[in-house]
Amino acid sequence: MADWQPVRRTRTFEDVIAQIERRIAEDGLKAGDRLPAERSLAEQLGVSRSSVREAMRVLETLGVVSSQVGRGPDAGAVLTSRPDTALTDLLRLHLGLASLELREVIDTRLMIERWAAARAASAGSDTSGLATALAGMDAATSAEEFVEHDTAFHCALADASGNRLIAAIMRSLRDSMRRYAVEAVTRLGDTSVLRADHERILTAVRAGDPDEAANAVAEHLAHAYPSLQGFS
């Protein structure tokens, strides 16, 4: 097991974070494992408890740890796994500040979803999640409800790719642009074209046709956001 090393730089909370990152990598720590209690960690690192506390606040905001109050074996933050939550908050903020344009988010979705659809089709992945979401879209009675199931469909497609990072990024992208998606569906009014697009994607994945699955995703995004050209 790796040893904690004394920290000697100015912004000590950053060094505390770096040490925790090193321990996670070198000791193979995973979600559910507990870090030493605040006092113990401060002593091992040779820093103040306030520096440890600040580092934990940053890590908790990023979704890396969940701080818990306790004594003895129950003391210390617990490593968690919520990368999609942290990414969603960050993307939503940047979209709100207009530091990211909607086109940039849609372009990213296009790249990710084309790959995910092709991979899911090639791998013969389980499509039950896609089918369930499609049924939910059919039963939706409002734009908000349609988007909820639409989001579930695209997240299920990312899950079917078998890449957990891709799935986390997709959830972040979809959650951060939910308002824009509702506006797009409301603007279209008739969702039959979008529904047919999803059916086409599902059929291609089930058929094991990666090229058709990728093309279906591209045409779907063009239908959903017609003002943004160049998706094919």
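Attention in this report is confined to the structure presented alongside it. (Residues numbered from 1 in each chain as written. Predicted model: local features only at pLDDT ≥ 70, side-chain atom pairs only at ≥ 80, totals over all residues. Heavy atoms only, no water.)

### A closer look at the environment of Phe153
Reasoning step 1: Along the chain, Phe153 turns up in helix H7 (residues 143-160).
Reasoning step 2: Through-space distance from the C-alpha of Phe153 to that of Ala135 is 9.9 Å; in sequence the pair is 18 residues apart.
Reasoning step 3: Contacts of Phe153, omitting those with residues within four sequence positions, involve Leu130, Ala133, Leu134, Met137, His198, Ile201 and Leu202. (Helix = DSSP H or I, 4+ residues; strand = E, 2+ residues; numbered from the N terminus. Contact = heavy atoms within 4.5 Å.)

### Some remarks on the packing of H7 against helix H10 (residues 192-207)
Two numbers describe a pair of packed helices, the interaxial angle and the distance between the axes.
Reasoning step 1: Contact geometry for H7 and H10: axes closest at 12 Å, N-to-C directions at 20°. With respect to each other, H7 and H10 are oriented roughly parallel. For the crossing formed where H7 meets H10, the hand is left-handed. The residues of H10 that touch H7, namely those facing Phe146, Asp150, Phe153, His154 and Leu157, are Leu194, His198, Ile201, Leu202 and Val205.
Reasoning step 2: Each residue belonging to the contact of H7 with H10 can be placed in one class, and the counts come to seven nonpolar, two polar and one charged. (Axes fitted to C-alpha atoms, helices over the stretch in contact; angles between N-to-C directions. Parallel < 35°, antiparallel > 145°, perpendicular 65-115°, else oblique. Left-handed = near helix turned anticlockwise from the far one by under 90°. Nonpolar A, V, L, I, M, F, W, Y, C, P; charged D, E, K, R; others polar.)

### A word on the pattern of salt bridges
Reasoning step 1: Under the definition given, this model contains 15 salt bridges.
Reasoning step 2: Glu43 is the partner of Arg39 in a salt bridge, and the nearest nitrogen-oxygen pair spans 3.5 Å. In this pair, Arg39 and Glu43 are both assigned in helix H2 (residues 38-45), four residues apart and thus about one turn of the helix distant.
Reasoning step 3: The class for Arg39 is exposed, based on a relative accessible area of 53%.
Reasoning step 4: Look at Glu43 and you get exposed, because its relative accessible area is 56%.
Reasoning step 5: Its salt-bridge partner being Arg174, residue Asp150 comes within 2.7 Å of it at the nearest N-O pair. In this pair, Asp150 is assigned in helix H7 and Arg174 in helix H8 (residues 164-176), connecting sequence segments 24 residues apart. The residues Asp150 and Arg174 share a single accessibility class, namely buried. (Salt bridge = Lys/Arg side-chain N within 4 Å of Asp/Glu carboxyl O. Buried < 20%, exposed > 50% of the residue type's maximum accessible area, 1.4 Å probe, protein only.)

### Focus: helix H9 (residues 178-188)
Reasoning step 1: Taken together, the buried positions of H9 are Tyr180, Ala181, Val182, Ala184 and Val185.
Reasoning step 2: Of the residues flanking the end of H9, it is Gly189, one or two places downstream, whose phi is positive at about 75°.

### What to know about the packing of helix H5 (residues 102-123) against helix H11 (residues 210-224)
Reasoning step 1: Running from N to C, H5 and H11 point in directions that differ by 155°, and their axes come no closer than 7 Å. By the angle class used here, H5 and H11 are roughly antiparallel. As H5 packs across H11, the resulting crossing turns out to be right-handed. Together, Ile106, Arg109, Leu110, Glu113, Arg114, Ala117, Ala118, Ala121 and Ser122 of H5 and Pro210, Ala213, Ala214, Asn215, Val217, Ala218 and Leu221 of H11 make up the contact between the two elements.

### Considering the environment of Leu202
Reasoning step 1: Its location among the elements puts Leu202 in helix H10.
Reasoning step 2: Leu202 sits in the buried class, given a relative accessible area of 2%.
Reasoning step 3: For Leu202 and Ala131, which are 71 residues apart along the polypeptide, the C-alpha to C-alpha distance reads 7.4 Å.
Reasoning step 4: Those residues in contact with Leu202 that lie beyond four places of it in its chain are Thr127, Leu130, Ala131, Leu134 and Phe153.

### Focus: the nonpolar core
Reasoning step 1: Within the largest apolar cluster, 43 residues are counted, with the highest numbers of intra-cluster contacts made by Phe153, Leu157, Ile201 and Tyr225.
Reasoning step 2: It is H7 that contributes the most residues to this core, nine residues altogether.
Reasoning step 3: Once residues lying within four places of it in the same chain are set aside, the contact partners of Leu157 are Glu113, Ala116, Ala117, Leu130, Ile201, Val205 and Val217.
Reasoning step 4: With 17 residues, the next largest nonpolar core counts Ile17, Leu35, Leu41 and Met56 among its residues. (Core = buried A, V, L, I, M, F, W, Y, C linked by side-chain atoms within 4.5 Å.)

### Describing the environment of Ser142
Reasoning step 1: Summarising the element assignment, Ser142 is placed in the loop between helix H6 (128-139) and H7.
Reasoning step 2: Judged by relative accessible area, which is 32%, Ser142 ranks as partly exposed.
Reasoning step 3: It is 9.4 Å that separates the C-alpha atoms of Ser142 and Val182, two residues lying 40 residues apart in sequence.
Reasoning step 4: Among the polar contacts listed, one links the side chain of Ser142 to the backbone nitrogen of Glu145, at a separation of 3.1 Å. (Polar contact = N/O pair within 3.5 Å; in protein donor to acceptor, adjacent residues only side chain to side chain.)

### Regarding the packing of aromatic side chains
Reasoning step 1: All told, the structure shown has zero aromatic pairs when counted by the stated rule.
Reasoning step 2: One cation-aromatic arrangement involves Arg179 over Tyr180; the distance from NZ or CZ to the ring centre is 4.4 Å. (Phe/Tyr/Trp six-rings, centres within 6.5 Å; stacked < 30°, edge-to-face > 60°. Lys NZ or Arg CZ within 6 Å of the ring centre and 35° of its normal.)

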